[in-house]
Amino acid sequence: MPILSPDEARALSKRILSLAAVPEAEVSLSGGPSAHLRFAVNTITTSGSADDLSVSFTARHGKRHATVTANQADDPSLKRLVEQAERLARLAPEDPELMPLLGPQEYLPVPGFIAATANLSPQARAEAAGKAIREASAKKLVGAGFYRNSGGFEATANSRGLFAYHAASNARFAMTARTSDGGGSGYAAANSHDAAQVDTAAVAATAADKALASRGARELPPGVYAVVLEPQAVADLFTTLRFAGLSAREADEGRSVFSAPGGKNRIGEKLFASPVNLYTDPQHPAVPGSPFTEAGLPARKIYFAREGVLENLVYDRFWAEKRGKQPTGHPTNLILDGGTHNLEDLIASTARGLLITRFWYIRAVNPQTMLLTGLTRDGLFYIEKGKVQYPVRNFRFNESPVELLKQVELLGPQRRVVSSEQGRFAMYLPALKVRAFRFTSLSEAV
Amino acid sequence: MPKPARTTRRDFLKTAAATSLAGRLTWDLRGDPPDAPERHKLAGAALSAARKAGASYADVRINRYLTESLSAREQRLREVVAGESYGAGVRVLVNGTWGFAGTSRVTADALKQAALAAVAIARANAPLQARRVELAPVKAYRDRWNSSFKKNPFEVPVEQKIALLLKINETAQKVKGASFVDSSLRFAEERKFFVSTEGSALEQHLVRSHCTFAVTAVDRARGVFQQRRSLSAPVQRGWESIEEYPWLQEAGQAAEEAVQKLSARPPEPGKYDLVLHPTHLWLTIHESCGHPTELDRALGYEANYAGTSFLTTDKRGKFRYGSELVNMVGDRTQPGGLATVAYDDDGVPGQRWYLVKNGVFVDYQTTREQAAWIGQQQGHGCAHADSWHSVPFQRMPNVSLDPAEKEISTNDLLADVKNGILILGDGSYSIDQQRYNFQFGGQLFWAIRNGKKAEMLRDVAYQARTPNFWNSCDGLAGPREYWLGGSFSDAKGEPVQLNAVSHGCPTARFRQVNVLNTAAGPGR
């Protein structure tokens with residue numbers, strides 16, 4: 001299915017809403033092409049392309065509601081979709097938290113769609129990957145990587161006249177280079193809404209440099225170290241913060257790191273170091289988000305932390321109304337302001353510590369403190385007297401991103417990054433110098 | 001695991017029966033799928049287009065996926081969502097290079113276009129192919145298969161499902177101190193049709209079911225909270241699997257245990273003997289045996305994402321992975337197992353084979369393509385794609401730990417522990433990219449002293465190195481305590497694909513494992 005234009009999406013939404021027998025209903029549409037290419041052991045492995053369309057219809061009977069999603073848009077399929085949702089909605093119990101449908105809204109313009117990125121040819125992907133494979137082969141390294149390009153639209157409409165539409169494209173390349181003896185490994189990645197900005201040769205060169213630099217890693221004892229985190233490592237840690245950590249309701253209910261005793265939350269408290277400004281901004285030029293969040297709620301710039309003070313949390317419409325707040329919706333991107341220093345400055349300021357380039361397999365351990373565990377991967381280096389001295393063996397950590405933001409000393413330049421494990425959510429994050437970070441055991445994995 | 005209690009089951013059925021049957025979900029939203037001759041015609045169009053364009057091999061999958069999910073929070077039903085995804089994927093080999101294209105438009109014309117797009121991708125990639133893909137031979141099969149289920153959950157009235165969730169929540173909420181309860185039901189149904197240029201034509205129909213819940217107890221005065229999740233597991237079975245489980249009994253018990261956890265003490269960090277219940281151990285098996293015995297990982301094919309494996313090919317047949325007691329089996333035939341199939345997505349029959357035998361690592365999980373990589377004549381039938389629009393690749397079969405031959409009980413295993421911890425339920429999990437260093441939490445922790453289960457603990461995690469851990473295994477319970485855990489959504493590959501997989505095991509004992517106190521927090 002090609003990407004629907006705003007007019008086509010509006011027409012399809014209207015057609016679906018016109019089939020509804022219930023007085024109130026919502027439609028969500030999304031779809032478009034995506035294609036990918038994988039390589040490993042310096043050879044191509046699997047690749048493919050697909051297009052899809054998702055049609056989601058939510059029927060409302062008073063306070064009862066149900067949603068049905070399908071991927072066919074012919075009239076008989078749409079009719080069945082609507083009937084099914086209406087039948088289920090009649091059977092659902094009343095939902096005391098159901099909010100009234102929003103009427104028409106104003107949305108910020110968010111440019112983020114480049115047709116050439118959405119429609120990249122198989123030859124263009126092969127050429128992009130070929131550069132990376134050649135880089136690895138030339139340095140006698142073993143390369144594995146992934147290139148993906150996509151384009152898509154999302155639209156939301158409802159029976160009160162709301163219509164929201166957004167189109168976005170994305171290109172992402174990630175590569176791991178390993179030495180043939182398995183003793184060194186490096187990772188690098190780039191992503192953008194514009195494929196022209198994704199330089200696969202440069203990514204491959206960085207991965208290769210890290211692989212070569214990580215050979216002959218020495219063993220250091222686990223413990224608390226000062227650390228310099230590259231933006232990729234910060235992104236890997238922040239994913240949990242974004243997914244699980246920012247709910248206002250959980251904080252108010254006493255089951256979050258941002259809960260305060262007595263049914264309160266910690267908004268207004270200085271929880272982080274002074275330079276910490278953490279926010280979402282749908283119009284940020286480096287990481288354009290979406291102009292709307294759930295059910296067509298307009299997205300806007302929202303600070304979660306400003307100058308180290310917790311300023312806001314994520315409020316859905318129900319909880320916002322209950323607490324007399326403005327709803328935020330879920331952020332569609334995340335930005336942490338950077339500093340005036342470069343990465344070398346951060347390293348130069350470190351008397352004794354570690355340079356972390358990537359984390360892996362991060363999971364929540366204790367939600368009370370947002371304690372996470374995970375491991376360093378693909379390049380960990382010992383810093384002494386302001387200089388990178390030698391590579392070291394990987395560590396497992398048990399640490400909290402909340403504590404990390406409290407311990408921030410210096411911020412470096414920002415880069416557009418996504419979590420290396422969790423996927424596509426775009427963040428614009430700086431390198432960080434952090435006073436103390438806790439490693440609990442060694443890992444011999446390379 | 002609590003034992004089934006008939007009275008509680010009747011209780012919820014009674015509630016559900018009081019409502020009408022009008023909520024029946026028929027499995028096809030779109031209407032009847034194309035009949036068999038029509039499907040063959042559609043697939044044939046793609047196969048011949050692929051052949052004409054130069055493919056030496058092609059297969060077509062025309063698949064329909066249904067999902068249904070319900071979730072409730074306390075006495076509020078949060079959502080009922082039904083979903084369907086229907087489409088076709090065409091995979092080709094041209095000059096030994098793969099190509100693939102998927103389309104949601106299941107017409108002869110769209111399938112031909114997909115075949116040509118797949119061939120174009122293969123041709124574009126051919127210059128980057130350093131080693132031609134060779135497929136191990138497989139017979140042409142023409143077969144139909146249904147996974148094992150008695151009651152298709154998509155034909156069970158939705159009111160019955162809603163009633164179950166609200167009753168679970170009500171039962172838990174009755175316990176003093178239980179602050180929040182979240183429960184959910186998820187069902188999946190797959191109707192898969194596979195044909196290949198080698199003459200196979202396979203139809204498979206799979207059904208999976210999962211119910212779970214979590215109780216949170218909050219002590220607002222102290223500003224602390226604890227959670228206890230259900231010990232239930234998803235299965236490749238129907239609604240009968242939900243009916244057989246003692247939900248209400250467990251809901252009440254879980255609520256009491258969530259509250260009890262608030263006043264439990266954390267462990268003193270150090271070395272302990274661990275007795276791990278199957279509701280916990282399945283996940284440790286998944287991470288520390290399931291993933292490292294994937295051949296693509298061992299050879300570097302997943303190096304950019306999931307990682308590689310410490311079980312390199314030179315170790316096959318020699319490496320002491322665990323103690324003599326440890327026998328791990330790969331199995332795509334196990335009844336109820338989430339990864340059980342009659343044929344994989346290469347058209348290879350489901351099979352059962354040992355990965356670890358008497359403690360020695362002996363074999364890998366493989367596909368048709370991978371067999372040649374290690375000189376095997378045939379693959380182990382581990383190809384899987386999670387959608388019509390996904391490319392099949394090697395995915396995990398059910399990987400399970402054999403029980404002891406004798407009927408040894410968990411209590412027998414406890415009897416020989418002076419200072420240990422008994423762990424039930426899965427919690428936090430993390431393992432490095434070569435599957436050496438892991439850390440696992442759990443749901444319930446009990447101190448073991450002088451052979452007896454003693455007081456409850458909280459905030460326990462253990463950390464170990466895979467071969468050391470499995471070599472420290474010195475006790476397994478018998479067949480009666482064997483239990484199948486599992487997950488609906490094991491992630492692997494780029495783009496990430498999900499695989500449902502089960503892991504069976506008995507309770508097992510491990511000596512002198514490093515235990516952490518995760519309540520110690522990040523403070524310094």
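A quick note: this is a predicted structure, and the numbers were derived from the prediction, not measured.

## A word on the overall build of chain B
- In terms of helices and strands, chain B carries 11 helices and 22 strands.
- A compact globule built from 524 residues should have a C-alpha radius of gyration of about 24 Å, and chain B, at 24 Å, falls within 12% of that.
- For the C-alpha atoms alone, the extent of chain B along its principal axes is close to 70 × 60 × 50 Å.
- Within chain B, the proportion of its 524 residues that are buried is 67%.
- With the model as given, the accessible surface of chain B reaches about 17,900 Å², and the carbon-plus-sulfur share is 50%.
- Side-chain charges of chain B comprise 66 positive and 56 negative groups, with the mean position of each set lying 1 Å from the other.

## Points about the confidence of the model for chain B
All names here are of chain B.
- Of all residues in chain B, 93% have pLDDT values of 70 or greater, and the mean over the chain is 93.
- Low pLDDT, under 50, characterises residues 1–31; the predicted model gives this stretch 83 contacts beyond four residues in sequence or across chains.
- Across the interface, the model reports ipTM at 0.97; the global pTM reads 0.95.

## Topic: helix α7 (residues 278–290) of chain B
- Between the first and last C-alpha of α7 of chain B there are merely 15 Å, a value that for 13 residues lags more than 12% behind the 18 Å anticipated at 1.5 Å per step.
- The buried count for α7 of chain B comes to 13 of 13 residues, which makes it a mostly enclosed element.

## What about the pairing of strand β15 (residues 419–431) of chain B?
Residues and elements named next belong to chain B.
- Burial analysis of β15 places 11 of its 13 residues in the buried class, the great majority of the element.
- The pairing of strand β8 (residues 270–276) with β15 spans 4 bridges and is parallel. Looking at β15, one finds that Leu-274 is bridged to Ile-421.
- The antiparallel pairing of β15 with strand β16 (residues 437–449) creates a hairpin that spans 5 residues between the two strands, and Arg-435 there sits at a positive phi of about 70°.

## Side note on unusual backbone geometry
Residue and element names in this part refer to chain B.
- In this model, Glu-494 is joined to Pro-495 through a cis peptide bond whose omega is -10°.
- Following the sequence through the fold, Pro-495 ends up in the loop between β20 (483–492) and β21 (497–505).
- The phi angle at Asn-95 is positive, at roughly 50°, despite the residue not being glycine.
- Residue placement: Asn-95 occurs in the loop between β2 (76–94) and β3 (97–103).
- Phi is positive for Arg-435, close to 70°, though the residue is something other than glycine.

## Describing the nonpolar core
- Core analysis: the largest hydrophobic core is formed by 73 residues, its most contacted members being Ile-16, Leu-29 and Phe-57 of chain A together with Leu-185 and Val-215 of chain B.
- Sequence-distant contacts of Ile-16 of chain A, defined by excluding residues within four places in its chain, comprise Val-27, Leu-29, Val-55, Phe-57, Leu-78 and Val-82 of chain A.
- Core analysis: the second largest hydrophobic core is formed by 61 residues, Leu-295, Met-396, Trp-470 and Val-513 of chain B among them.

## A short note on the sheet that holds strand β9 (residues 328–331) of chain B
Residue and element names in this part refer to chain B.
- If you trace the 4 strands from one edge of the open sheet to the other, you get β11-β10-β9-β14, paired in antiparallel fashion. Of all strands in the sheet, those with a lone pairing partner are β11 (360–361) and β14 (398–401), marking the two edges.
- As paired elements, β9 and β14 share 4 bridges and run antiparallel to each other. In the strand pairing of β14, Val-329 is matched with Ser-400.
- The sheet strands contacting α7 are β9, β10 (352–357) and β14, and the helix crosses β14 at an angle near 115°.

Each value, and the rule that gives it
- Residues numbered from 1 in each chain as written.
- Chains lettered and ligands numbered in written order.
- Predicted model: local features only at pLDDT ≥ 70, side-chain atom pairs only at ≥ 80, totals over all residues.
- Heavy atoms only, no water.
- Helix = DSSP H or I, 4+ residues; strand = E, 2+ residues; numbered from the N terminus.
- Rg over C-alpha atoms; globule rule 2.2 N^0.38 Å.
- Buried < 20%, exposed > 50% of the residue type's maximum accessible area, 1.4 Å probe, protein only.
- Areas by Shrake-Rupley, 256 points an atom, 1.4 Å probe, with all protein chains shown as cover.
- Lys, Arg positive; Asp, Glu negative; His and termini not counted.
- Charge placed at Lys NZ, Arg CZ, Asp CG, Glu CD.
- pLDDT = per-residue confidence, 0-100.
- Contact = heavy atoms within 4.5 Å.
- Expected span 1.5 Å × (residues − 1).
- Pairing = 2+ DSSP bridges.
- Core = buried A, V, L, I, M, F, W, Y, C linked by side-chain atoms within 4.5 Å.
- Axes fitted to C-alpha atoms, helices over the stretch in contact; angles between N-to-C directions.

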